[in-house]
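What follows is each chain in one-letter form.
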Amino acid sequence: MLGVAGGIAAYKAAELCRALVQRGYTVQVVMTKAATEFIQPLTFAALTGRKVVTSLFSSGNSEETLSSAVEHIAIAQEHDLLVVAPATADILAKFAHGLADDFLSTLYLAFTGPVVLAPAMNTNMWRHAATQANLEALRARGHKIVEPEDGFLACGMIGPGRLADPESIADVVAEQLEHRHDLAGETVLITAGPTQEPLDPVRFISNRSSGKMGYALAEAAAERGARVILISGPVHLPAPRGATVVPVKTAGEMRDAVFGNLRGATMVIKAAAVADFHLSTVPQQKIKKTAARLSLELDPTPDILAELGRDKKDWLLIGFAAETENLEREARRKLQTKNCDMIVANLVGGDESGFESDHNEIALALKTGEFLRFPRASKRELADEILTQALHLRHVLAEPAHER
Ligand code: C5P
């Protein structure tokens, strides 16, 4: 589905449309009312050989238009991807906030597949905090943003805002469609969130993990066609679409849930921040306040990842290393000692990435000896990167060593 919103760059959507048709895709064009002020639906109807949708309700005004109050559901279900070019500040705001007052914004809400957005607008509108906040929300949802280019704009300004080149938008569409089913047939077991280790009936020790990275991985893997089992410590996040969630509280419960659900797994991703220590015998009554100092003797919890590494089968094993210093050294050490195929390493302790943030800056230590650093990005974007690297790594590890 190609959504065309009402901006001066709407005419370039015709070129994108042609590029997509040339690549062999069936393209259904959906135009906003404002877009039809810039370019005729007939252009797209001629390029695609299909009627163009221009409004939510039938008005019967043109042969090339097709619409009905429920059409957006049917169209959403029949298609594999939605690309919007140009995506105006207005349509980005509607998508970000879930407004649905025309066909395109309604279609967006009814569609569950991958979304590619190619914004184009005046430089000041692009830089406006409202637009940038909307883009952040859309990125966090896993949508791919094809950044506008710098250049002369129709309004006379020079700066970012010009629609990306139609061929590069078509490349991103092709890449997203390739991703779409690349985890089909896989069973991905993911752990996420903190664990809570009780001290008495009302108190516990835990940590700052929000679960966002593990949940983003679960959502991304499910979208790419995997069966996903998400073993989750206590978090405040909605269940990712398409994943089976197994809620747990303690490290011990997490261990049992992991081994109980391991059958059939092709990838195991241990994103959870498991407590390292617990009280092995929890008092039955609340610990009383006394004037004296209180000492607690803690015992180690089971190291689930190390146990998985010792008992390694043909699943790909991915661990996490949240460090406050010596990232590369610690990541490589954990890769070795826990017998993993990949360690996702990130620095924690700052405000901008790590535990509670929607963003992260990660590096990957791979069994091949490589150490790959990635720029700061949303956890959802990084989730896709980790999965892509995991698939690639498995492919490389399957080759005989001398051919690597
Ligand atoms: O050794 P460290 O705790 O830093 O290693 C982090 C990795 O080990 C994470 O992937 C985490 O999920 C896993 N882990 C575990 N069981 C523990 C502690 C950590 O599986 N008890």
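Just so it is clear, the model here is predicted, and its values are computed rather than measured.

**Overview of the site of the ligand**
Near the ligand lie 14 residues; those nearest to it are Lys270, Ala272, Leu305, Phe320 and Lys334. In this structure, Pro302 approaches the ligand through a main-chain N or O atom, which is 2.8 Å from a nitrogen atom. Separating an oxygen atom of the ligand from a side-chain N or O atom of Lys334 is a distance of 2.3 Å. Contact with the protein chains covers 87% of the free accessible surface of the ligand, which is 450 Å². Mapped onto the shell around the ligand, the elements with two or more residues apiece are α12 (304–310) and β16 (316–323). Taken together, the residues of the shell around the ligand break down into seven nonpolar, two polar and five charged.

**Considerations on the layout of surface pockets**
Approximately 890 Å³ is the volume found for the largest pocket. Taken together, 40 residues form the lining of the largest pocket, with Ala272, Ala273, Val274, Asp276 and Phe320 sitting closest to its centre. Looking at side-chain class alone, the lining of the largest pocket contains 19 nonpolar, 13 polar and eight charged residues. Around the second largest pocket sit 25 residues that line it, and Ala140, Arg141, Gly142, Glu219 and Arg380 are the ones nearest its centre. Going through the elements one at a time, α6 (103–110), α10 (212–223) and α14 (379–398) are the ones with two or more residues in the lining of the second largest pocket. Ranked by the residues each element gives to the lining of the second largest pocket, the list is headed by α10, at five residues. Considering only residue class, the lining of the second largest pocket consists of 12 nonpolar, five polar and eight charged. Shared between two domains, the lining of the second largest pocket holds at least three residues of each, these being domain 1 (2–178) and domain 2 (187–277 + 294–403).

**Some details on the sheet that holds strand β12 (residues 243–247)**
Within the open sheet, the eight strands sit side by side as β12-β11-β8-β13-β16-β17-β19-β20. Their pairing is mixed. On the outer flanks of this sheet lie β12 and β20 (371–373), each paired with one strand and no other. Each neighbouring strand pair of the sheet contributes to a mean axis angle of 15 degrees, computed without reference to strand direction. Note that strand β13 (residues 267–270) and β16 share four bridges and pair parallel. Bridge pairing in β16 places Met267 opposite Leu316. Packing against the sheet, helix α11 (residues 251–260) makes contact with β8 (187–192), β11 (227–232), β12 and β13, and its axis sits at approximately 180 degrees to β8.

**Quick notes on helix α3 (residues 41–48)**
Looking at α3, one finds that the buried residues are Pro41, Phe44, Ala45 and Thr48. The buried residues of α3 occupy an angular sector of 105 degrees when the element is viewed end-on, so they sit on one face. Each element contacted by the buried residues of α3 is listed here: β1 (2–4), α1 (10–22), β2 (29–31) and α2 (35–38).

**Quick notes on the nonpolar core**
Within the largest apolar cluster, 36 residues are counted, with the highest numbers of intra-cluster contacts made by Leu217, Met342 and Ile386. Elements supplying a minimum of two residues to this core: β8, α10, β11, β13, β16, β17 (342–347), β19 (362–366) and α14. For this core, the element with the highest residue contribution is α10, accounting for eight residues. Residues in contact with Met342, not counting those within four places in the same chain, are Leu317, Ile318, Gly319, Leu335, Leu364, Ala365, Leu366, Ile386, Gln389, Ala390 and Leu393. Membership of the second largest hydrophobic core comes to 31 residues, among which are Val4, Ala9, Ala85 and Ala164.

What counts, and where the lines are drawn
- Along each chain, residue indices are assigned from 1 in the same order as the chain's sequence is written.
- Local features in this predicted model are restricted to residues of pLDDT 70 or higher, and side-chain atom pairs are both shown and tallied only at a pLDDT of 80 or more, whereas totals for entire chains, interfaces and linings draw on every residue.
- The side-chain numbers reported here are obtained from all heavy atoms of the structure, hydrogens and water having been left aside.
- For this description, a residue counts as near a given molecule or strand if any of its non-hydrogen atoms is within 4 Å of it.
- Whenever two N or O atoms come within 3.5 Å, that pair is a polar contact, provided that in protein one can donate a hydrogen and the other can accept it, and provided that, for residues adjacent in sequence, both atoms are side-chain atoms.
- Computed with the Shrake-Rupley method and a 1.4 Å probe, the accessible areas treat only the protein chains shown as cover for residues.
- Each helix is a run of H or I in the DSSP string that is no shorter than four residues. Each strand is a run of E no shorter than two, and both are numbered from the N terminus.
- Side-chain classes follow a simple rule in which Ala, Val, Leu, Ile, Met, Phe, Trp, Tyr, Cys and Pro form the nonpolar group, Asp, Glu, Lys and Arg form the charged group, and the remainder, Gly included, forms the polar group.
- Here the term cavity refers to a set of points on a 1 Å grid, laid over the protein atoms alone, in which a 1.4 Å probe fits but cannot get out; the term pocket refers to an open set having protein on both sides within 12 Å along at least five of seven lines, with lining residues being those that place an atom within 4 Å of a point.
- Grid points are joined across faces, edges and corners, and a volume is the space filled by probe spheres set on the points.
- Where each domain starts and ends follows an automatic or database-derived domain assignment.
- A strand pair is defined by DSSP finding two or more bridges across the two strands.
- For helices, the axis comes from a line fit to the C-alpha atoms of the stretch in contact; other axes are also lines fit to C-alpha atoms, and the angle between any two N-to-C directions lies between 0 and 180 degrees.
- Whether two residues are in contact is decided by their heavy atoms: any pair within 4.5 Å suffices.
- Using a 1.4 Å probe on the protein chains alone, a residue whose accessible area is under 20% of its type maximum counts as buried, one over 50% counts as exposed, and one in between counts as partly exposed.
- What the arc covers is the set of directions going from the helix axis to the C-beta atoms.
- As used in this record, nonpolar core signifies buried Ala, Val, Leu, Ile, Met, Phe, Trp, Tyr and Cys residues forming a set joined through side-chain atoms within 4.5 Å.

Remember that the coordinates give geometry; whether it matters functionally is a separate question.
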